[in-house]
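Listed below, chain by chain, are the residues.
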Amino acid sequence: MDKESLNLASRSLVWPVCLVGAIQNEKHNIMTAAWITQISANPLQLIISIDKSRYTHNMISETGEFVVSILGSEHKEIAAVCGSRSGRNVDKVKQLKIGTIPSAVVKAPRLAGCLANMECKVVAQYPAGDRTLFVGEVVAADINKEDQKPMIMYRGKYIE
Ligand SMILES: Cc1cc2nc3c(=O)[nH]c(=O)nc-3n(C[C@H](O)[C@H](O)[C@H](O)COP(=O)(O)O)c2cc1C
């Protein structure tokens, strides 16, 4: 099978488009992440797959904490900016005027206007090719009770 078909096959998995946030030395950064899934119900655990080159990768491996914020379908600009610019060069939270809410347990804040925020503490991490898989135990969470649609990506396009 050619490389393009392999790529399209893998992108036929449906992606939940989220933001992963971390804070270090008072600096809050967020990045778009879609390779995220729940891996345990009790305790509630998620896995996130983060490329080693990401600024967020260093922040999570050094602080052991992160927040997953699930985006709504209206958050396309946020997903695009946070998925293409690095926190090494730009303050994405400030640039996009994203509202923050103090977290209950971890240092990185929750994000306003998302479907849900899950505060996670890293309980394990595994190398996977060019990525690191961080297992996060959910230590606190909130949900938006409004009727908001999630942002979902399939084969590189948003599903409406
Ligand atoms: C829709 C979408 C999904 C993404 N999912 C991931 C992901 O799961 N893991 C990852 O390492 N990068 C992912 N990225 C790329 C990062 O968001 C991007 O490289 C970002 O600029 C990294 O920011 P940072 O350097 O501030 O950490 C995704 C980008 C987009 C647009």
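Just above, that's the structure.
The notes below deal with the structure included here. All values reported here derive from a predicted model rather than from experimental measurement.

## Here we look at the overall build of the protein
So, step 1. A count of helices and strands for the protein gives 4 helices and 12 strands.
So, step 2. Along the longest, intermediate and shortest principal axes, the C-alpha atoms of the protein span 45 × 40 × 35 Å.
So, step 3. In the protein, which comprises 160 residues, the share counted as buried stands at 44%.
So, step 4. Partitioning the intrachain contacts of the protein with sequence separation of at least 6 by distance along the chain shows that 63% fall at a separation of at least 24.

## Points about unusual backbone geometry
So, step 1. For the bond running from asparagine 42 to proline 43, omega is 5°, close enough to zero to count as cis.
So, step 2. Its location among the elements puts proline 43 in the loop between β4 (36-40) and β5 (45-51).
So, step 3. You will see that glutamate 26, though not glycine, has its phi angle at about 70°, which is positive.
So, step 4. As for its placement among the helices and strands, glutamate 26 is situated in the loop between β2 (18-24) and β3 (27-33).

## Topic: the sheet that holds β4
So, step 1. Taking strand neighbours across the sheet as the criterion, the 7 strands line up as β3-β2-β6-β9-β10-β5-β4 in an open arrangement whose pairing is antiparallel. Only two strands of the sheet have a single partner each, and these edge strands are β3 and β4. Across the sheet, the mean angle separating the axes of adjacent strands is 35° when strand polarity is ignored.
So, step 2. Bridging between strand β6 (residues 65-70) and strand β9 (residues 116-128) involves 6 bridges; their strand directions are antiparallel. In the strand pairing of β9, valine 68 is matched with methionine 118.
So, step 3. The strands that helix α2 (residues 55-63) touches are β2, β3, β5, β6, β9 and β10 (131-143); relative to β2, the one it contacts most, it runs at about 55°.

## Comments concerning the packing of aromatic side chains
So, step 1. Tallied over the full model, the rule gives 1 aromatic pair.
So, step 2. An angle of 75° between the planes, with centres 6.0 Å apart, marks the rings of tryptophan 15 and tryptophan 35 as edge-to-face. In this pair, tryptophan 15 is assigned in strand β1 (residues 15-16) and tryptophan 35 in the loop between β3 and β4, connecting sequence segments 20 residues apart.

## Structural notes on the nonpolar core
So, step 1. In terms of nonpolar packing, the biggest core is built from 18 residues, with Val20, Ile36, Ile48, Ile60, Phe66 and Val68 touching the most fellow members.
So, step 2. When contributions to this core are tallied by element, the ones reaching two or more residues are β2, β3, β5, α2, β6, β9 and β10.
So, step 3. If sequence neighbours within four positions are ignored, valine 20 has contacts with Asn29, Ile30, Met31, Ala33, Ile36, Ile48, Thr56, Ile60, Phe66, Val67 and Val68.
So, step 4. In this structure, Val17, Leu19, Ile30 and Leu111 belong to the second largest nonpolar core, which totals 17 residues.

## Things to note about a nonpolar patch on the surface
So, step 1. On the surface, Val14, Tyr154 and Ile159 cluster together into a nonpolar patch covering about 250 Å² of accessible area.
So, step 2. Within the fold, tyrosine 154 resides in strand β11 (residues 152-154).

## Quick look at the state of the cysteines
So, step 1. The full count for this structure, using the stated rule, is 0 disulfides.
So, step 2. Counting only cysteine sulfurs, cysteine 18 is the nearest neighbor of cysteine 114, a cysteine outside any disulfide, at a range of 8.9 Å.

## Side note on the sheet that holds β1
So, step 1. Read across the open sheet, the 3 strands follow the order β1-β11-β12; overall the sheet is antiparallel. Across the chains shown, the open sheet's two edge strands, defined by having one partner strand only, are β1 and β12 (157-159).
So, step 2. Relative to β11, β1 is paired through 2 bridges, and the arrangement is antiparallel. Within β11, the position partnered with tryptophan 15 by the bridge is methionine 153.

Calculation criteria
- Residues numbered from 1 in each chain as written.
- Predicted model: local features only at pLDDT ≥ 70, side-chain atom pairs only at ≥ 80, totals over all residues.
- Heavy atoms only, no water.
- Helix = DSSP H or I, 4+ residues; strand = E, 2+ residues; numbered from the N terminus.
- Buried < 20%, exposed > 50% of the residue type's maximum accessible area, 1.4 Å probe, protein only.
- Contact = heavy atoms within 4.5 Å.
- Pairing = 2+ DSSP bridges.
- Axes fitted to C-alpha atoms, helices over the stretch in contact; angles between N-to-C directions.
- Phe/Tyr/Trp six-rings, centres within 6.5 Å; stacked < 30°, edge-to-face > 60°.
- Core = buried A, V, L, I, M, F, W, Y, C linked by side-chain atoms within 4.5 Å.
- Patch = residues over 30% accessible without salt bridge, like charges linked within 9 Å, V, L, I, M, F, W, Y side chains within 5 Å.
- Areas by Shrake-Rupley, 256 points an atom, 1.4 Å probe, with all protein chains shown as cover.
- Salt bridge = Lys/Arg side-chain N within 4 Å of Asp/Glu carboxyl O.
- Disulfide = S-S within 2.5 Å.

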